[in-house]
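Descriptive structure summary
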Amino acid sequence: MNHPIRFVSLVGIIVARSEYPTLTILTVDDSSGAIIDVIVLKAPITDDNGDQPVRSDRGGDLQSAYATKHVAATNKTTVDTNPLVPGVVVQVKGTLSTFRGTMQVQLERVAVVQDTNAEMRFLDQRSRYLVEVLSVPWSLTEEDVERLRYEADDEEERLEEEQERIKRRQRRRIEREEKDQRRIQKLWEREERLRAKEALYSRDAGAKFMRDFEERKV
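In the annotation of an unreviewed UniProt entry, the entry for the chain reads CST complex subunit STN1, and the organism field reads Aspergillus oryzae.

To continue, consider the pattern of salt bridges. In total, this model carries twelve salt bridges according to the counting rule given. Glu 146 serves as the salt-bridge partner of Arg 149, at 3.1 Å between the closest nitrogen and oxygen. One end of the pair, Arg 149, and the other, Glu 146, are both in helix H3 (residues 142–217), three residues apart, so they sit about a helical turn from each other. By relative accessible area, Arg 149 is classed as partly exposed at 45%.

Residues Trp 138, Leu 140, Val 145 and Leu 148 make up a contiguous nonpolar surface patch of about 310 Å² in total accessible area. One can find Val 145 in helix H3. You can call Val 145 partly exposed: its relative accessible area is 31%.

One recurring pattern in soluble globular proteins: nonpolar side chains tend to sit buried together. Counting residues in hydrophobic clusters, the biggest one holds 15 residues, and the most contacted among them are Val 38 and Val 92. At the level of secondary structure, the elements contributing two or more residues to this core comprise strand E1 (8–19), strand E2 (23–29), strand E3 (35–44), strand E6 (89–99) and strand E7 (102–112). The element contributing the most residues to this core is E3, with three residues. Among residues more than four places away in sequence, those in contact with Val 38 are Thr 24, Ile 25, Leu 26, Val 28, Val 92, Val 105 and Leu 107.

The topology assignment puts Ser 9 in strand E1. On the accessibility criterion, Ser 9 (37% relative accessible area) is partly exposed. Residues Ser 9 and Arg 126, spaced 117 residues apart in sequence, show a C-alpha to C-alpha distance of 8.8 Å. Residues contacting Ser 9, with those up to four places away along its chain left out, are Gln 91, Val 92, Lys 93 and Phe 122. Among the polar contacts made by the side chain of Ser 9, one reaches the main-chain carbonyl oxygen of Val 92 at a distance of 3.4 Å.

Pairing analysis gives seven bridges linking E2 to E3, with the strands arranged antiparallel. The partner of Thr 27 across the bridge, within E3, is Asp 37. Hairpin geometry of E2 and E3 is characterised by an intervening segment of five residues between the two adjacent antiparallel strands and by a positive phi of about 65 degrees at Ser 31. In terms of strand pairing, E3 meets E7 through three bridges, oriented parallel. Bridging across to E7, Ile 39 finds its partner in Gln 106.

Moving on, we come to the layout of surface pockets. The calculated volume of the largest pocket comes to roughly 730 Å³. Lining the largest pocket are 23 residues, with Val 8, Ser 9, Arg 126, Tyr 129 and Leu 134 positioned closest to its centre. Elements supplying a minimum of two residues to the lining of the largest pocket: E1 and helix H2 (116–134). Of all the elements, H2 adds the most residues to the lining of the largest pocket, at ten residues.

The subject of this paragraph is the packing of aromatic side chains. One pass over the full model with this rule turns up zero aromatic pairs. Against the face of Phe 7 rests Lys 93, its NZ or CZ located 4.9 Å from the ring centre.

Okay, the side chain of His 3 next. One can find His 3 in the segment before E1. A polar side-chain atom of His 3 sits 2.7 Å from the main-chain carbonyl oxygen of Val 136. Aside from chain neighbours lying at most four places away, what touches His 3 is Val 133, Leu 134, Val 136, Pro 137 and Trp 138.

The rules we used
By convention here, each chain's residues receive numbers from 1 onward along its written sequence. Residue-level local features of this predicted model are given only where pLDDT is at least 70; pairs of side-chain atoms are given and counted only at 80 or more, and the full residue set underlies all totals for whole chains, interfaces and linings. Note that water and hydrogens are dropped before the side-chain values are worked out from all heavy atoms of the structure. We count a salt bridge whenever a side-chain nitrogen from Lys or Arg sits within 4 Å of a carboxyl oxygen from Asp or Glu. Starting at the N terminus, helices and strands are each numbered in turn, a helix being any DSSP run of H or I of at least four residues and a strand any DSSP run of E of at least two. We call a residue buried when its accessible area falls under 20% of the maximum for its residue type, exposed when it is over 50%, and partly exposed in between, using a 1.4 Å probe and counting protein chains only. Here the term patch refers to residues with relative accessible area over 30% and no salt bridge, with like charges joined within 9 Å and nonpolar side chains (Val, Leu, Ile, Met, Phe, Trp, Tyr) within 5 Å. Each accessible area value is a Shrake-Rupley result obtained with a 1.4 Å probe; residue values ignore everything except the protein chains displayed when judging cover. Put simply, a nonpolar core is a bunch of buried Ala, Val, Leu, Ile, Met, Phe, Trp, Tyr and Cys residues held in one set by side-chain atoms that sit within 4.5 Å of each other. Should any heavy atoms of two residues lie within 4.5 Å, those residues are counted as being in contact. Any pair of N or O atoms that falls within 3.5 Å is considered a polar contact. Within protein, one atom must be able to donate a hydrogen and the other to accept it, and sequence-neighbouring residues count only if both atoms are side-chain atoms. Only when DSSP finds a minimum of two bridges between them are two strands counted as paired. Two kinds of site are reported from a 1 Å grid over the protein atoms alone, namely cavities, where a 1.4 Å probe fits but cannot get out, and pockets, open sets with protein on both sides within 12 Å along at least five of seven lines, and residues are called lining when an atom falls within 4 Å of a point. Grid points are joined across faces, edges and corners, and a volume is the space filled by probe spheres set on the points. Planes of paired rings set the category: under 30 degrees apart is stacked, over 60 is edge-to-face and the rest tilted, where pairs are Phe, Tyr or Trp rings (Trp by its six-membered ring) whose centres lie within 6.5 Å. Either the NZ atom of lysine or the CZ atom of arginine qualifies as a charge over a ring when it sits within 6 Å of the ring centre and within 35 degrees of the ring normal.

So this is what it looks like as structure tokens:
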């Protein structure tokens, strides 16, 4: 009915759990006649600077580059997957994606459904939402469209201004670095001239000392 769908929510029983180096797949059966894979991402291990260590493609390195901690797909908050084992009934919220033509759910939040009453409450909420919201065509008036267009233009201008500020900061940083480099170069050149002058003075003083020494010997 023209509704923009961002998230989906479902309740079902976990019928399988598969572990991979970068993610865990929970296969959920919601009694609709089909099953769906729920993708739970694993957090990559980072160093002190927040960078992911470089790895090779040899066996085991990919696994070692990822922690066992699971995270939500969008905001990367920690997800406790310890209770999520086959036989457990869960409520899952996530975004949709496809893999090799098959629909998947990228997990955002998950909760264990404790009893049948909780499951029935979810089914009641789902039915109400279907009737009261999703079954009603979603449309915008001309005023709404015009307002959203203005908001989009304002957002685009704001992003352009932010990008210009970032560019200005980068230019100022480069200018400071070049200025510091020139200052260091001038300081080094002055020190080199001073060292050359001291070396010349030391050489002349040494030569004069040797001449005086030879004259005293005679």
